[in-house]
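Descriptive analysis of the structure
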Amino acid sequence: MNAVSPRRYWLTGASSGIGAALAVELLNSGAHVALSSRTKAPLQALAQRYPGQVLVVAGDLTNSQTVREIGEHIGEVWGALDTVILNAGTCEYVDAKQFDSSIIEHVVRTNLLASSYCIEAALPLLRTGKRPHLVGVASAVTYLPMPRAEAYGASKAGLRYLFESLRISLSPENIDVTVISPGFVDTPLTERNDFPMPLSWSANKAARHIFAKLDKRPLEIAFPALFIATLWPLSKLPNRAQLIIGKRMLRSPPPQKDDL
């Protein structure tokens, strides 16, 4: 009887936070994982820890040519992909009193445009994969407008719409699409936040939760459940009520930090 071939993943943003923890979950399951981030050393450490399972494909995903070359390299080595998890991203906060459009540009390029480059590179590989699955990490922040989150929220809302539209467009090809909507997770991206993060999860807990859900291919993986159960009804309130809630959150901007 022939052994079952390991599932082939491409995971971006794999050097820290949820991505690093999720990489370990996937590798512990025996999967083969192509790992991307700008920072190469953590990826190489995983390659040494899991010999024969890791394909290091580091690079700047905001560069479309770099992403194209990554896709070509994965294709040369593996021939196909079964699951793509687009997790790489950043968060910068906007000060409306000194509005800086370059912040919007940077965050949208990192969170949305880079994902679109990855999708372009990944779809041909998914089309020849086994039970193809496209996964994108959005955010629970997209349920409700929040102050200072103009750049991050807009990029993640755009990412959500992109994936939900692709879910329809790719359905004739039997490519499943899942959107992940985390609440607060303790990562290098959130460690400098200067506001409370209710019901925050560790990156390891978030990764275990995502991994446990992935095989069922849900339309969305949103967590923590209690946080989502609180936030979701607020998203259905009239705009005037949402404005009142948002005003109560106003405060000065925190430091900014990339997490790629």
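Remember, predicted model here, so these are calculated numbers, not experimental data.

Moving on, we get to the nonpolar core. Grouped together as the largest cluster of nonpolar side chains are 31 residues, with contacts concentrated most on Trp-10, Ile-74, Leu-81, Val-84, Leu-134 and Phe-163. Looking at this core, the elements that each hand over two or more residues are α3 (64–78), β4 (83–86), α4 (101–126), α5 (150–170) and β7 (176–182). Excluding residues within four positions of it along the chain, Leu-81 makes contact with Arg-8, Tyr-9, Trp-10, Ile-74, Leu-125, Leu-126 and Gly-129.

With that settled, the discussion passes to the packing of aromatic side chains. With the rule as written, the count across this model stands at 2 aromatic pairs. Plain terms: the ring middles of Tyr-143 and Trp-232 are 5.4 Å apart, the flat faces sit at 85 degrees to each other, and that makes the pair edge-to-face. Of the two residues, Tyr-143 sits in the loop between β6 (133–137) and α5 while Trp-232 sits in helix α7 (residues 225–235), which places them 89 residues apart along the sequence. What makes Tyr-143 buried here is its relative accessible area of 11%. Residue classification places Trp-232 among the partly exposed residues on the basis of a relative accessible area of 41%. Above the ring of Tyr-93, the side-chain terminus of Arg-148 is found at 5.3 Å from the ring centroid.

Let's shift gears to the pattern of salt bridges. Throughout the structure, instances matching the rule amount to 8 salt bridges. In this structure, Glu-220 and Arg-160 form a salt bridge, with 3.1 Å as the shortest nitrogen-oxygen distance. Residue Glu-220 is found in strand β10 (residues 220–223), and its partner Arg-160 is found in helix α5; the two are separated by 60 residues along the sequence. The class for Glu-220 is partly exposed, based on a relative accessible area of 32%. For Arg-160, a relative accessible area of 11% gives the class buried. Among the salt bridges present, the one from Asp-176 reaches Arg-217, with a minimum N-O distance of 2.9 Å. Placement of the pair is Asp-176 in strand β7 and Arg-217 in the loop between α6 (203–214) and β10, with a sequence separation of 41 residues. The buried category is assigned to Arg-217, whose relative accessible area is 13%.

Calculation rules
Numbers given for residues are sequential positions, taken from 1 along each chain in its written order. Only residues with pLDDT of 70 or above have their local features reported here, since the model is predicted, and side-chain atom pairs are shown and tallied only from 80 upward, although totals for entire chains, interfaces and linings are computed over all residues. Think of the side-chain values as coming from all heavy atoms in the structure, minus any hydrogens and water. Throughout, nonpolar core names a set of buried Ala, Val, Leu, Ile, Met, Phe, Trp, Tyr and Cys residues whose side chains join them through atoms within 4.5 Å. Only protein chains enter the accessibility calculation, which uses a 1.4 Å probe; a residue whose area is less than 20% of its type maximum is buried, one above 50% is exposed, and one in between is partly exposed. For helices the rule is a DSSP run of H or I covering at least 4 residues; for strands it is a run of E covering at least 2, with both sets numbered from the N terminus onward. Any two residues whose heavy atoms approach within 4.5 Å are treated as being in contact. Here is the rule: rings of Phe, Tyr and Trp (six-membered ring for Trp) pair when centre to centre is within 6.5 Å. Planes less than 30 degrees apart are stacked, more than 60 are edge-to-face, and the remainder are tilted. Any Lys NZ or Arg CZ that is within 6 Å of a ring centre and within 35 degrees of that ring's normal is treated as a charge sitting over the ring. Salt bridges are defined as contacts in which a side-chain nitrogen from Lys or Arg sits within 4 Å of a carboxyl oxygen from Asp or Glu.

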